[in-house]
Amino acid sequence: MDLITQLRAWDGKTIATLQAVVDDLTVADYPDLLRACHDEDEVTARAASWVLKAACERGASIPYPAELLSTDLHWEIALHLLQSVQHVAVDLPAEVIRPYLIHQKPIVRAWALDAYVRLGAPDAAEVLEKAADDPAASVRARARNLGKEKAQPVPPPRPS
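Presented here is an overview of the structure given in this document.

Points about the overall build of the protein
- When you go through the protein residue by residue, the secondary structure sums to eight helices and zero strands.
- In the protein, the succession of α and β elements from N to C terminus is α-α-α-α-α-α-α-α.
- For 160 residues, the compact-globule estimate of 2.2 N^0.38 gives 15 Å, and the C-alpha radius of gyration of the protein, at 16 Å, lies within 12% of that figure.
- On the principal axes, the C-alpha backbone points of the protein span a range of 50 × 30 × 25 Å.

Here is the structure:
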């Protein structure tokens, strides 16, 4: 079964299915994976973004689909892309992340904060300070952890 067929067959819940896709992913699959991240079918795009994130966590040098963050995304796709920032070299202005800092989902806000700081936003210190008062514990915890990392240099993403 080809990559796109596997992603389209995802039930929207079972991570083991997606993990199997990651396990079998090859460099030749990267173009199809990136196209699937743009798929009109939301479930397929969610699956693709999860596979992309997992592959990046493993050190894959997949081009980062930064243009997606400027579109209206399902929150899980945004989350996966934001989480990937720590694992890849990303040529993305931090301003693109700013709208996600006020997202209704706390987990998206937390990872937007992470990406915003890692991308070197000029007002990162102010945003971290404000996030320390976020109503969601996950955002406050991410701010604390980033504050600790900021005390030590945040390692740059691995070059692609």
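Past the structure itself, the notes keep going.
Describing the packing of helix H2 (residues 15–24) against helix H4 (residues 42–57)
- It is the contact of H2 with H4, at a shortest axis distance of 9 Å, that shows an interaxial angle of 55°. Classified by the interaxial angle, the pair formed by H2 and H4 is oblique. In this structure, H2 crosses over H4, and the sense of that crossing is right-handed. Taken together, the residues of H4 that come into contact with H2 (itself represented by Ile-15, Leu-18, Gln-19, Val-21 and Val-22) are Ala-47, Trp-50, Val-51, Ala-54 and Ala-55.
- Of the residues in the contact of H2 with H4, the class split is nine nonpolar, one polar and no charged.

Regarding the nonpolar core
- Core analysis: the biggest nonpolar cluster contains 60 residues, and Leu-7 and Leu-69 have the highest contact counts within it.
- Elements with a minimum of two residues in this core: helix H1 (3–8), H2, helix H3 (30–37), H4, helix H5 (75–84), helix H6 (106–118), helix H7 (124–131) and helix H8 (137–151).
- No other element matches the nine residues that H4 contributes to this core.
- Sequence-distant contacts of Leu-69, defined by excluding residues within four places in its chain, comprise Tyr-64, Ala-78, Leu-81, Leu-82, Leu-92, Val-96, Ile-97 and Tyr-100.

Criteria and thresholds
Residues numbered from 1 in each chain as written. Predicted model: local features only at pLDDT ≥ 70, side-chain atom pairs only at ≥ 80, totals over all residues. Heavy atoms only, no water. Helix = DSSP H or I, 4+ residues; strand = E, 2+ residues; numbered from the N terminus. Rg over C-alpha atoms; globule rule 2.2 N^0.38 Å. Axes fitted to C-alpha atoms, helices over the stretch in contact; angles between N-to-C directions. Parallel < 35°, antiparallel > 145°, perpendicular 65-115°, else oblique. Left-handed = near helix turned anticlockwise from the far one by under 90°. Contact = heavy atoms within 4.5 Å. Nonpolar A, V, L, I, M, F, W, Y, C, P; charged D, E, K, R; others polar. Core = buried A, V, L, I, M, F, W, Y, C linked by side-chain atoms within 4.5 Å. Buried < 20%, exposed > 50% of the residue type's maximum accessible area, 1.4 Å probe, protein only.

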